[in-house]
Amino acid sequence: MTQTDRSIPQPNDGVMQIAAYVPGRDKAAPGVRLHKLSSNETPLGASPAAIEAYRQAADTLQIYPDGSAAALRTAIANVHGLNPDNIVCSNGSDELLGLLASTYIGPGDEGIFTEHGFLVYKIQILAAGGTPVVVPETDHRADVDTILAAVTERTKIVFLANPNNPTGTYLSDAEVRRLHAGLPPHVVLVLDAAYAEYVRRNDYASGIELVSANRNVVMTRTFSKIHGLAALRIGWLYGPAEIVDALNRVRGPFNVNAPAIAAGAAAIADRSHVDRAIAHNDTWLPKLTEAFEALGLKVTPSVGNFVLIHFPDDDPDRSAAAADAWLVQRGYVLRQVVPYGLPNALRMTIGTDEANKGVIEALTAFMKR
């Protein structure tokens, strides 16, 4: 079958170039307890306040949700000191990435992202009929000069995951500002800050101030990670009035469901729950890094709630694929990152104390066998 085959409906150009996104696995070997460490979900679960708000929403499931998600936007604005009019809520931040692509990219246009960036960027650029432009990273880190060198008159969006998934690396606020300063004013800089709450670096900024001062920058965030509401699919964007207005014209009229609005508003207000999640991450991020490095494995320095573990290139018996098979047999499911151009690495979500200790023990046995 070719695109000229008129006997059946044909998808738009670019669609069949898309490799469908594959979520992290959630199955271990039969008969062993599953520790899912493949999707960067929080081990602490959702806030009790969010769970209660979700349950209360069950009483009015027959009623359409507020199409503007006003309660959720107000809750977000109160926590971050923002104008709720500059916030768009969504069915996960993935929806926002798609809305941005479809709103600002068309046939002949280009969207830029880095080589180990989030796979959804390429998917959404292709779905919008645009051309993905992938730029190299330096030491698994976005390179501002390389990104700017790739900008052409056809560039409409630059997607930057900061921190990046799956590498866990980040750009400082100064570097992000230098990137923005080098972009033409018609190019939208999308700062995907899904893991911003976990970052403990003085030179990092999620992008709020940069968005506030400019008309071509947006920041996207999610409730799926530190807030533990992945099942409800809640994302949000902070942006200038003109971009917010455009997105509100094309998004679905009820794109955030009522239980999600209620739970999200309660979750973001529960600072103590967020603080516990941060403390757990701060404890285990260096512990896991040091433990894996002590085994002779390289770990990319991470500021997120996950670590990227690199396995020896010259030993097939201790490759990432071999390690993955070994771990799955013991109930530990990590993320293979072959589609990200990292064939000999595994990404591990920071899990419960039990899960983290178990992976250390399992990989110790794997490397010493």
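Above: the structure in question.
Notes on the structure in this doc start here.

Conventions we followed
Residues numbered from 1 in each chain as written. Predicted model: local features only at pLDDT ≥ 70, side-chain atom pairs only at ≥ 80, totals over all residues. Heavy atoms only, no water. Pairing = 2+ DSSP bridges. Helix = DSSP H or I, 4+ residues; strand = E, 2+ residues; numbered from the N terminus. Axes fitted to C-alpha atoms, helices over the stretch in contact; angles between N-to-C directions. Contact = heavy atoms within 4.5 Å. Buried < 20%, exposed > 50% of the residue type's maximum accessible area, 1.4 Å probe, protein only.

Here we take up the sheet that holds strand β4 (residues 131-135). As summarised here, the arrangement of the seven strands in space is β2-β8-β7-β6-β5-β3-β4, forming an open sheet in which the pairing is mixed. Because the sheet does not close on itself, it has two edges, and the strands there are β2 (87-91) and β4. Averaged over all neighbouring strand pairs, the angle between strand axes comes to 20 degrees, with direction disregarded. The pairing of β2 with strand β8 (residues 234-238) spans five bridges and is antiparallel. Bridged to S90 within β8 is G235. Contacting β2, β7 (217-222) and β8, helix α2 (residues 70-80) runs over the sheet at an angle of about 125 degrees to β2. The sheet contacts of helix α4 (residues 119-127) involve β3 (110-114), β4, β5 (155-161) and β6 (188-192), and relative to β3 the element is tilted by about 170 degrees.

Within the secondary structure, K368 sits in helix α12 (residues 353-368). On the accessibility criterion, K368 (65% relative accessible area) is exposed. It is 23 Å that separates the C-alpha atoms of K368 and R33, two residues lying 335 residues apart in sequence.

Reading across from one edge, β9-β10-β13-β12 is the order of the four strands in this open sheet, with antiparallel pairing throughout. This sheet does not close on itself; its edge strands, each paired only once, are β9 (298-300) and β12 (335-336). Two strands pair when backbone bridges link them, and strand β10 (residues 306-310) and strand β13 (residues 345-349) are joined in this way by five bridges, in the antiparallel orientation. Looking across to β13, one finds that L308 is bridged to R347.

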